[in-house]
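This is what each chain is made of:
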Amino acid sequence: MFLLLTSIAAAVAVGSADLSAADVLRSVGTHLGLPARPLLPLPDSIVWDLRLPRVLLAALVGAGLAVCGAVLQALTRNPLADPFLLGVSSGASTGAVAVLVLGIHVGAGPVGLTTGAFAGSLAAFGAVLLLAGRRAVEPTRIVLAGVAVSQLFSAVTSLIVISDAHTQDTRSVTFWLLGSLTAASWPAVALCAVVTGVGLLVCWAAATALDAFAFGTDTARSLGFSTGRTRLLLFGVTALVAATLVAASGAIGFVGLTVPHAVRFMIGSGHRTLLPACAVTGAIFLIWADTAARTVFSPQELPVGVLTAVLGVPVFALVMLRRTATP
């Protein structure tokens, strides 16, 4: 946790404007009503209005996606499962883009986006379960269904964007689809914090059930768990969390796939400790990935989803190679 707080303070200080960690603490202290010497208006606005919401949103998105990946991998007994692979992120992207581009009215601000994204994610995962049929618990079956549905919703998203090709927002929508935290704001941070926090608590409370699911449905049932009800609850929670995060940040891949494997390799597979560790590790990972995305190619900004893929593939390959080498 100390490393997470240090990462937040350091990442807020990094950027084209010359700020220090002390400046960050002074700005935050001033806004929280603590006895701190105020910064000048411009650096204070950079910290409080621009960088801090973005860094906090990166932490929430990283934590939420990592935990969702760990939960889905246990439920499906498939090491490749994550919200992106199972179609939830693609469906959420479709719903959010439909709100942005087509102007479908489902509310205002981040709540409207989240409503559209959540509807899309539910439609996508419902299609996965329908396509997988009665053998949805089979890892290969549900992954293949997820790949097909993910491609379908990605195509629908592209059609929606192309249908409104003359709008000035097309480029920003495309950038958002690749994963971007440029639109971070305090309302989005608050909404993601509430939904992600509740979702993480629900998943953590079901840690024992997830341990049982990792050994199979029959094992979980023999230990007294209501497998159908538990699976439905956790699928719904992960869909809601993923939808909320995708609405705020776009489709950021590989966090939910790579982080759980790396953490599992370091501390083991017990979900009581795995889920909190995934949340912290995912938060730190995405904080620094987004910091690199907005600074390495400055003044140009790289979509953070592109960078997580570039970083995630080698890390995932390294983890798998070390797991294979372990007797």
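Residues numbered from 1 in each chain as written. Predicted model: local features only at pLDDT ≥ 70, side-chain atom pairs only at ≥ 80, totals over all residues. Heavy atoms only, no water.

Examining the nonpolar core
Taken as a class, soluble globular proteins show a tendency for nonpolar side chains to be buried jointly. In this structure, Leu57, Val61, Val71, Leu286 and Ile287 are the most contacted members of the largest nonpolar core, which totals 65 residues. Those residues in contact with Val71, other than ones at most four positions away along the chain, are Cys203, Leu210, Leu234, Thr238 and Leu275. Judged by nonpolar contacts, the second largest core, of eight residues, contains Ala124, Ile142, Val143 and Ala145. (Core = buried A, V, L, I, M, F, W, Y, C linked by side-chain atoms within 4.5 Å. Buried < 20%, exposed > 50% of the residue type's maximum accessible area, 1.4 Å probe, protein only. Contact = heavy atoms within 4.5 Å.)

Side note on helix H2 (residues 21-31)
Residues Asp23, Val24, Arg26, Ser27 and Gly29 constitute the buried set of H2. Those residues of H2 hidden inside the fold are in contact with helix H1 (2-13) and helix H3 (41-76). At the exit of H2 stands Gly33, carrying a positive phi of roughly 80 degrees. (Helix = DSSP H or I, 4+ residues; strand = E, 2+ residues; numbered from the N terminus.)

Considerations on the confidence of the model for the chain
Per-residue confidence for the chain averages 84 on the pLDDT scale, and 90% of its residues sit at or above 70. Element-level pLDDT for the chain is lowest in helix H7 (residues 170-177), with a mean of 69, against a maximum mean of 95 in helix H13 (residues 271-295). (pLDDT = per-residue confidence, 0-100.)

Quick notes on the packing of H1 against H3
Between H1 and H3, the least distance of the axes is 9 Å, while the angle of their chain directions is 135 degrees. Judged on the interaxial angle alone, H3 and H1 are oblique. The chirality of how H1 crosses H3 is right-handed. Contact residues: H1 offers Ile8, Ala11, Val12 and Ala13, while H3 offers Val47, Arg51, Leu52, Val55 and Leu56. Tallied by class, residues from the contact of H1 with H3 come to eight nonpolar, no polar and one charged. (Axes fitted to C-alpha atoms, helices over the stretch in contact; angles between N-to-C directions. Parallel < 35°, antiparallel > 145°, perpendicular 65-115°, else oblique. Left-handed = near helix turned anticlockwise from the far one by under 90°. Nonpolar A, V, L, I, M, F, W, Y, C, P; charged D, E, K, R; others polar.)

Notes on the packing of aromatic side chains
Evaluation of the coordinates by the stated rule reveals two aromatic pairs. Measuring from ring centre to ring centre gives 4.8 Å for Trp48 and Trp186, while their planes differ by 35 degrees; the resulting arrangement is tilted. Taken together, the residues span a long stretch of sequence, with Trp48 in helix H3 and Trp186 in helix H8 (residues 186-205) at a distance of 138 residues. Residue classification places Trp48 among the buried residues on the basis of a relative accessible area of 18%. With a relative accessible area of 29%, Trp186 lands in the partly exposed category. Centroid distance Phe125 to Phe235: 4.7 Å. Interplanar angle 50 degrees. Geometry classified as tilted. Taken as a pair, Phe125 in helix H5 (residues 109-132) and Phe235 in helix H11 (residues 227-249) lie far apart in primary sequence, 110 residues in all. As far as the burial class goes, Phe125 and Phe235 line up, both buried. Positioned over the ring face of Trp204 is Arg272, at 4.7 Å from the centre of the ring. (Phe/Tyr/Trp six-rings, centres within 6.5 Å; stacked < 30°, edge-to-face > 60°. Lys NZ or Arg CZ within 6 Å of the ring centre and 35° of its normal.)

A short note on the environment of Leu72
If you trace the backbone, Leu72 turns up in helix H3. Spatially, the C-alpha atom of Leu72 lies 9.2 Å from that of Gly256, the residues being 184 residues apart in sequence.

Structural notes on the state of the cysteines
Cysteine pairs can be linked by a disulfide, which is a covalent bond between their two sulfur atoms. As enumerated under the stated definition, the model contains zero disulfides in all. Summary of cysteine pairing: Cys203 is not part of a disulfide, and the nearest cysteine sulfur, belonging to Cys68, is at 6.4 Å. Given the relative accessible area of 2%, Cys203 is considered buried. (Disulfide = S-S within 2.5 Å.)

Side note on the packing of H2 against H3
Any two packed helices are characterised by the angle at which their axes cross and by the distance between the axes. Look at H2 against H3: their axes get within 9 Å of each other, and the N-to-C directions meet at 85 degrees. Considering the angle they form, H2 stands roughly perpendicular to H3. For the pair formed by H2 and H3, the contact residues are Val24, Ser27, Val28 and His31 on the first element and Asp44, Val47, Trp48 and Leu52 on the second. Split by residue class, the contact of H2 with H3 holds five nonpolar, two polar and one charged.

Some words on unusual backbone geometry
Residue Phe254 is not a glycine yet carries a positive backbone phi of 75 degrees. For Phe254, a relative accessible area of 28% corresponds to the partly exposed category.

A word on the side chain of His271
Assignment of secondary structure puts His271 in helix H13. Take His271: its relative accessible area is 3%, and that puts it in the buried class. At a separation of 2.7 Å, a polar atom in the side chain of His271 contacts the side chain of Asp211. The residues contacting His271, other than those within four sequence positions of it, are Ala70, Ala74, Trp204, Ala207, Leu210, Asp211 and Pro276. (Polar contact = N/O pair within 3.5 Å; in protein donor to acceptor, adjacent residues only side chain to side chain.)

Brief notes about the side chain of Ser27
On the secondary structure map, Ser27 appears in helix H2. Among the polar contacts made by the side chain of Ser27, one reaches the side chain of Asp44 at a distance of 2.8 Å. Beyond its immediate stretch of four places on either side in the chain, Ser27 contacts Leu39, Asp44, Val47 and Trp48.

Some details on the pattern of salt bridges
The tally for this structure, following the rule as stated, stands at three salt bridges. When the shortest N-O distance is used, the salt bridge between Arg26 and Asp23 registers 3.7 Å. Of this pair, Arg26 and Asp23 are both found in helix H2, three residues apart, which corresponds to roughly one turn of the helix. Comparing Arg26 with Asp23 shows no difference in burial state: the two are buried. Within the structure, one salt-bridge network assembled from shared partners comprises Arg54, Asp290 and Glu301. (Salt bridge = Lys/Arg side-chain N within 4 Å of Asp/Glu carboxyl O.)

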